[in-house]
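These are the residues of each chain, in order.
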Amino acid sequence: MNGIDGGVAIVTGGAGGIGRAAALRFAEEGASVVVSDVDEDGIAETVDLIEADGGEASAVVTDVTDADAVAALVDETVETYGTPDFALNNAGIEGRTARLADQTLDDWDRTIAVNQTGVWNCLQAELSAMVDGGGDGGAIVNTSSIAGLSAAGGSPYVASKHGVVGLTRIAAAEYGREGIRVNAVCPGIIDTEMIARAEVEMGDQLAAMTEAKPLGRMGDPEEVAAAVVWLCSDDASFVTGHPLVVDGGFLA
Ligand code: NAD
């Protein structure tokens, strides 16, 4: 793959699941990785895994709903490794799966705050740093979902993930001339803690739904990580504003 070697990457939600897999893959491709999450032990583990493999990484605890904390994360990245070349804005929560009228305003507010405002906060800080960093451009990926393109979830989650696709498109449109590409990944059902929690709630229904889809299985976080790193690479140099579906055919 072209164009990852030697860069600097920020990954939010890097304590496990898709974020950890992407952090490991960025490091494998030669990037220095700043791994961020609210889960301090989880990001320390991710950094240990990267270092055990000979990679370069550091951990920064950040709640993506806190704009000042996100700005501090990006500042610390610049101080430690230099201007970020890549970012994966991936921190997210699933919200509740109740029907719309049975949701609460608190659940709506929390899900939008983490999944949508969190991505907005990250984009603001990362785009500013990339523009101020001397014009080398950059590549950002936001983690949306098949719920960003269809009704695959509770209403707060579906709205937040559609919002992530919208933010991806507008950021791509506004920053393309500065050499910054912004894309989204839209994973299907991926075997992570988030899905383990859904399995508790949904029981056999989730397995049956997965088995009925074209590839007949859940995805692995590494399969999403591969798409993220490709979107950041020079091999994707003409791809921007695109929500890339990685779902084993779920939406087919
Ligand atoms: P996960 O629960 O393992 O990872 C989510 C991470 O986000 C956790 O480490 C969590 O601590 C972190 N996080 C939550 N709130 C945060 C906050 N306010 N600030 C910083 N970090 C916070 O689950 P995952 O499946 O790896 O999810 C990663 C992303 O992928 C999420 O955005 C999720 O919506 C999305 N996604 C997952 C699936 C799936 O099937 N697993 C499908 C589509 C999209």
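Coordinates for the structure precede this section.
Residues numbered from 1 in each chain as written. Predicted model: local features only at pLDDT ≥ 70, side-chain atom pairs only at ≥ 80, totals over all residues. Heavy atoms only, no water.

## A look at the pairing of strand 3 (residues 56-61)
Two faces, one strand: in a regular strand the side chains alternate between the faces of the sheet.
Okay, step 1: Examined bridge by bridge, strand 2 (residues 32-37) and strand 3 share 6 bridges and lie parallel to one another. Note that in strand 3 the partner of Asp-37 across the bridge is Val-61.
Okay, step 2: In terms of handedness, the path from strand 2 via helix 2 (residues 40-52) over to strand 3 forms a crossover that is right-handed. (Pairing = 2+ DSSP bridges. Helix = DSSP H or I, 4+ residues; strand = E, 2+ residues; numbered from the N terminus. Right-handed = clockwise from strand over helix to strand, strands pointing away.)

## Here's the deal with the side chain of Asn-115
Okay, step 1: As for its position among the elements, Asn-115 is in helix 4 (residues 105-132).
Okay, step 2: At 3.2 Å, the side chain of Asn-115 and the side chain of Ser-160 are in polar contact.
Okay, step 3: With residues up to four places along the chain from it excluded, the contact list for Asn-115 reads Ala-91, Gly-92, Ile-93, Tyr-157, Ser-160, Lys-161 and Val-164. (Polar contact = N/O pair within 3.5 Å; in protein donor to acceptor, adjacent residues only side chain to side chain. Contact = heavy atoms within 4.5 Å.)

## Regarding the site of the ligand
Okay, step 1: Taken together, 29 residues surround the ligand, and among them Asp-37, Asn-90, Tyr-157, Ile-190 and Thr-192 come closest.
Okay, step 2: Between Asp-63 and the ligand, the recorded distance is 2.9 Å, taken from a side-chain N or O atom to a nitrogen atom.
Okay, step 3: Against a free-state accessible area of 820 Å², the protein chains account for coverage of 92% of the ligand.
Okay, step 4: Where the shell around the ligand is concerned, the elements lending two or more residues are helix 1 (17-28), helix 4, helix 5 (155-175) and helix 6 (193-202).
Okay, step 5: The element best represented in the shell around the ligand is helix 6, accounting for 4 residues.
Okay, step 6: Of the residues in the shell around the ligand, the class split is 13 nonpolar, 10 polar and 6 charged. (Near = heavy atom within 4 Å. Areas by Shrake-Rupley, 256 points an atom, 1.4 Å probe, with all protein chains shown as cover. Nonpolar A, V, L, I, M, F, W, Y, C, P; charged D, E, K, R; others polar.)

## A few points about a nonpolar patch on the surface
Okay, step 1: On the surface, a nonpolar cluster with roughly 200 Å² of combined accessible area is contributed by Leu-149, Val-245 and Leu-251.
Okay, step 2: Looking at the secondary structure, you find Leu-251 in the segment after strand 7 (243-246). (Patch = residues over 30% accessible without salt bridge, like charges linked within 9 Å, V, L, I, M, F, W, Y side chains within 5 Å. Salt bridge = Lys/Arg side-chain N within 4 Å of Asp/Glu carboxyl O.)

## Some points on the state of the cysteines
Okay, step 1: In the structure shown here, the tally under the stated rule is 0 disulfides.
Okay, step 2: Cys-232 supplies the cysteine sulfur nearest to Cys-122, a cysteine that is in no disulfide, at a spacing of 14 Å.
Okay, step 3: We classify Cys-122 as buried; its relative accessible area is 2%.
Okay, step 4: Of the cysteine sulfurs around Cys-186, a residue in no disulfide, the closest is that of Cys-232, at 15 Å. (Disulfide = S-S within 2.5 Å. Buried < 20%, exposed > 50% of the residue type's maximum accessible area, 1.4 Å probe, protein only.)

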